[in-house]
Amino acid sequence: MSELVTLSKDGDIAVITINNPPVNALSPGVPEGIVASVQAAQKDGSVKGIVLVGGGRTFIAGADIKEFGKITSGQKDRNVGLHPVLQVMEDCPKPIVCAIHGTAFGGGLETAMACHYRVAVASAQVGQPECKLGIIPGAGGTQRLPRLAGVAVAAEMCAFGDPVPAPRALQAGIIDKIIDGDLVAGAVAYAREMAASGKPSRRARDLTGKISDPKVNEAALAAGRDAVKKRSRGLLAPRKAIDAVEAASRLPFDQGIAKEAELFKECLFSDQSKALIHVFFGERAVAKIPGISKDLPLIPIKRAAVVGGGTMGGGITMNYANAGIPVLFKEISQEALDKGLGIIKKNYAATVSKGRLTQEQMDQRMALIEPVLTYDKFEEADIIVEAVFEEMALKKRVFTELDKIARPDAILASNTSTLNIDEIASATSRPAQVIGHHFFSPANVMRVIEIVRGKQSSPRVIATSMALAKKLNKVGILVGNCRGFLGNRMFHHYQREAQFLLEEGATVEQVDAVLYDYGMAMGPLAVGDLAGLDVSWRIRKEFKHLDPPGIRVPLVSDQLCELGRYGQKTGAGWYRYEAGNRTPLPDPQVQKIIEQTAAKAGIKRRAISTEEILERTLYSLVNEGANILAEGIALRAVDIDMLYILGYGYPAYRGGPMWYADTVGLKKVYAKVCEFEKQHGSLWAPSPLLKELAESGKTFADFDKSKGE
Ligand code: 3H9
């Protein structure tokens, strides 16, 4: 047939195999190959039935996502998609059995549902993850799935996109049989059995039993819409997915398909879809480090140690235990050790009570954590992560101690969020082994590690850190060394503008509401309260001597700290909190402090618009992001985007701050930055890179492309 799709025979059964590594995406040539194979098998009088299977590690993982950009940019005609291919399969008079291993996702599951029967190995997964790319299933998924599994299951799968394991898919009616042993042999036997049964081939489009009760359908759709409201704030695709499933429950198949096509197109051409596709490829792009070969031998990480049993140290320790890596957990006093271990236990117990972990799994993980008060066993560790207070003198003392007891090839990682990694490394005799592993709080939950490369960090230590991040189920993002690194250096500018806006006339609730409505997980001031205002206070004091004289600095947060208002943990910060409740409540006392401070500083308060709040906070990120990019602190703009989405609650559907700036247009962003410089002074000095890109009509995405990404 073609190299992408091959046709072979096992007696009277034709076997069509898709060979498009790594994930058998439906790239150009694959659908054509399937049609040609089905037609050839249909014509062959000796063939009684057909099996469709994926070669390599998986069945079809979906449409080729790279093709979508070509359609939206007009490089490629949208034509009629996969429907004619699926129709040829569905109308084939010989039974087609789809044999699933790995993942049948998106267009893969849609192809499977156009077969007459589906069998799978027990480890297989099926799913319609399109909404994670900002689109809906576009090849009949929203129409065939409800007919196979009912409206409730289809709405859940199409709106949230989570994978469904084969046993659950069997229960739901999506697959017909689980195959133990050899998949192809089992599928061939099943096809033979179906052919011999003399029954006509079953077409999903003809099934009506599971969508026949309007009351059941309506209740399921209402529940789906409720769930979308709660779980998918701001997202377009999940809402449209439910609309499409609703069409399946009300309209004949062909009309439902037409409705799906209309909704699919609306989603595909939206900014959200473009942003989410950028995020899909971004998550994979950040793993690629120029100059570091994939084949570099890594340091095997079989045992870890964590120094410091506070919130961060405890969370980091849990990550190692979750990945099955034994970990020493060190504190300096029994009391601190017990407290830290108690918090870890409480976190695991909460996950068990939510049903996301079994008691047995919790016990296994706890057994991997060894609490210690000394460095006695530290020479066994392949990696030691320091997670003590954010103070240079203390960190250097710890690293001097570690240098004496760690094996020469062990990685010495610091969880510092701002401090100079080279200075920390200078406390050891082996700076090549030292690197930053900046986890985000809560470290057992947040999916990112900012990996800070020191001047002398060795390529092997860097490569091992990146691979380790993946093993810990995180995304590692490699950044250079500077004050605050990539994330907190930019965040400092964002926080600064949020606080200046308060002094100039906005309220705490107004600033937070505007950014929350933009899609941020939390507003900047609520984030401050969550993280602890004392943390940034301590950092400010550490770096005070570096502030240029006369520079404007926010005036209120230090006063809040002086009053003991550290945020949620003290029941008061920018907001006030009632005991045992994390809901931020407006606090007139804070408003009074802000107004008095502004008056004392001679700042005339005025009405501040939503637009100004967005531009001041978001463009401050972009401008500093461009500086960070030009300095090489970030490898690519997409690294900044991914760190902000995964570490700072930036909405994925905006694509990250740099992608968002591209969406707005860099000319417009640059013009605003220049205007802000005129109004507010040198803190807004435009980044030369932003200027250059804006003036040459380019984007940050172009900048990344020029770097070979
Ligand atoms: C769809 O189907 C729409 C339909 O309704 C039809 C409408 C008409 N396309 O993730 P990995 C690449 S929308 C192109 O590292 P894993 C990926 O970029 C689609 N490329 O492997 C990477 O490239 P590189 C719905 C794809 O084992 C390489 O393959 N489907 C695609 O950790 C390996 O990927 C989805 O959304 C693709 N569809 O995970 C599924 N998939 O090596 C998306 C992967 O250059 N895919 N690549 O960096 C996945 O979820 C995971 O890749 C999967 C494997 C779980 C399959």
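Residues numbered from 1 in each chain as written. Predicted model: local features only at pLDDT ≥ 70, side-chain atom pairs only at ≥ 80, totals over all residues. Heavy atoms only, no water.

Q: Sorry, what's going on with the packing of helix α27 (residues 657–664) against helix α28 (residues 666–680) here?
A: The packing of two helices is summarised by the inter-axis angle and the distance between the axes. For the pair α27 and α28, the least separation of the axes is 6 Å and the interaxial angle reads 100°. With respect to their mutual orientation, α27 and α28 come out roughly perpendicular. Contacts between α27 and α28 involve A661, D662 and V664 from the first element and L666, K668 and V669 from the second. Classifying every residue of the contact of α27 with α28 gives four nonpolar, no polar and two charged. (Axes fitted to C-alpha atoms, helices over the stretch in contact; angles between N-to-C directions. Helix = DSSP H or I, 4+ residues; strand = E, 2+ residues; numbered from the N terminus. Parallel < 35°, antiparallel > 145°, perpendicular 65-115°, else oblique. Contact = heavy atoms within 4.5 Å. Nonpolar A, V, L, I, M, F, W, Y, C, P; charged D, E, K, R; others polar.)

Q: Got a minute to help me understand the pairing of strand β14 (residues 411–414) in this structure?
A: Side-chain positions along a regular strand alternate between the two faces of the sheet. The two faces of β14 match: I411 and A413 on one face and L412 and S414 on the other face are all buried. Inspection of the sheet shows strand β13 (residues 383–386) paired to β14 by four bridges, in the parallel sense. When the sheet's bridge partners are listed, V385 is paired in β14 with A413. For the crossover from β13 across helix α16 (residues 392–405) to β14, the handedness is right-handed. Looking at chain direction, β14 and strand β15 (residues 434–439) are connected through three bridges and run parallel. Looking across to β15, one finds that S414 is bridged to G436. (Buried < 20%, exposed > 50% of the residue type's maximum accessible area, 1.4 Å probe, protein only. Pairing = 2+ DSSP bridges. Right-handed = clockwise from strand over helix to strand, strands pointing away.)

Q: Honestly, the packing of aromatic side chains in this entry has me stumped. Any pointers?
A: Here a ring pair, both rings aromatic, is described through the centre-centre distance and the interplanar angle of the planes. With the rule as written, the count across this model stands at 12 aromatic pairs. Between Y375 and F378, the ring centres sit 5.0 Å apart and the planes meet at 80°, which makes this aromatic pair edge-to-face. The exposure classification of Y375 matches that of F378, with both residues buried. Taken together, a centroid distance of 5.8 Å and an interplanar angle of 80° make the contact between Y518 and Y650 edge-to-face. With Y518 in helix α20 (residues 508–518) and Y650 in the loop between α26 (637–647) and α27, the pair connects residues that are 132 residues apart, well separated along the chain. With a relative accessible area of 3%, Y650 lands in the buried category. Taken together, the ring pairs in this structure connect F440, F491, Y494, Y644 and Y648 into an aromatic cluster. Note that R538 overlies the ring of F389, its terminal NZ or CZ placed 4.2 Å from the centroid. (Phe/Tyr/Trp six-rings, centres within 6.5 Å; stacked < 30°, edge-to-face > 60°. Lys NZ or Arg CZ within 6 Å of the ring centre and 35° of its normal.)

Q: Looking at this structure, how should I read the site of the ligand?
A: Within the structure, the ligand sits among 25 residues, and R57, G107, E110, E130 and R284 are positioned closest to it. In the model, an oxygen atom of the ligand is placed 2.5 Å from a nitrogen or oxygen of the R57 side chain. For the shell around the ligand, the secondary-structure elements that each account for two or more residues are β5 (103–105), α4 (107–114) and α12 (271–285). With three residues, the top contributor of residues to the shell around the ligand is α12. Class assignment for the residues of the shell around the ligand results in 14 nonpolar, five polar and six charged. (Near = heavy atom within 4 Å. Polar contact = N/O pair within 3.5 Å; in protein donor to acceptor, adjacent residues only side chain to side chain.)

Q: Please explain the nonpolar core as it appears in this structure.
A: Note on soluble globular proteins: their nonpolar side chains tend to be buried together. Of all hydrophobic cores here, the largest spans 98 residues; its most connected members are L486, W574 and F700. The residues contacting L486, other than those within four sequence positions of it, are E450, V479, I628, I633, A634, D639, I640, L643 and Y644. Within the second largest apolar cluster, 88 residues are counted, among which are A14, I71, L148 and V151. (Core = buried A, V, L, I, M, F, W, Y, C linked by side-chain atoms within 4.5 Å.)

Q: Mind showing me how you'd approach the state of the cysteines here?
A: Each disulfide consists of one covalent bond between the sulfur atoms belonging to two cysteines. This model, assessed by the stated rule, comprises zero disulfides. Free of any disulfide, C92 has its nearest cysteine sulfur in C115, 9.8 Å distant. (Disulfide = S-S within 2.5 Å.)

Q: Can you walk me through the packing of helix α5 (residues 141–149) against helix α10 (residues 237–250) in this structure?
A: Running from N to C, α5 and α10 point in directions that differ by 55°, and their axes come no closer than 8 Å. Relative to α10, the element α5 is oriented oblique. Relative to α10, the crossing made by α5 is right-handed. Across the interface between the two elements, T142, Q143, P146 and R147 of α5 pack against A244, V245, A247 and A248 of α10. Here the contact of α5 with α10 is built from residues that sort into five nonpolar, two polar and one charged. (Left-handed = near helix turned anticlockwise from the far one by under 90°.)

Q: What is the right way to look at the pattern of salt bridges in this model?
A: Pairs can form between side chains of opposite charge whenever their charged atoms are close. Tallying each qualifying case throughout the model produces 48 salt bridges. The salt bridge partner of R203 is D91, with a shortest N-O separation of 2.4 Å. With R203 in the loop between α8 (183–196) and α9 (214–231) and D91 in helix α3 (residues 83–91), the pair connects residues that are 112 residues apart, well separated along the chain. Across the salt bridge formed by D409 and R407, the nearest N and O atoms sit 3.0 Å from each other. When its relative accessible area of 25% is taken as the criterion, R407 is described as partly exposed. Residues joined by salt bridges that share partners form a network here, namely R496, E497, E503, E504, R552, R606, E612 and R616. (Salt bridge = Lys/Arg side-chain N within 4 Å of Asp/Glu carboxyl O.)

Q: I would appreciate a short explanation of empty space enclosed by the protein in the present structure.
A: To find leftover empty space, one rolls a probe the size of a water molecule over the atoms. Evaluated as defined, the whole model comprises two cavities of 30 Å³ or more. In this model, the largest cavity occupies a volume close to 40 Å³. The set of elements that each furnish at least two residues to the lining of the largest cavity consists of α19 (485–504) and α21 (524–531). Class assignment of the residues belonging to the lining of the largest cavity gives a composition of eight nonpolar, one polar and no charged. Its volume calculated, the second largest cavity comes out at about 30 Å³. Contributing to the lining of the second largest cavity are H493, R496, S620, N623, E624, L683 and W684. Breaking the lining of the second largest cavity down by element, the ones donating at least two residues are α19 and α25 (610–630). Per-element accounting of the lining of the second largest cavity gives the leading share, three residues, to α25. In terms of residue class, the lining of the second largest cavity is made up of two nonpolar, three polar and two charged. (1 Å grid on protein atoms, 1.4 Å probe; cavity = no way out; pocket = protein on both sides within 12 Å on 5 of 7 lines; lining within 4 Å. Points joined across faces, edges and corners; volume = space filled by probe spheres on them.)

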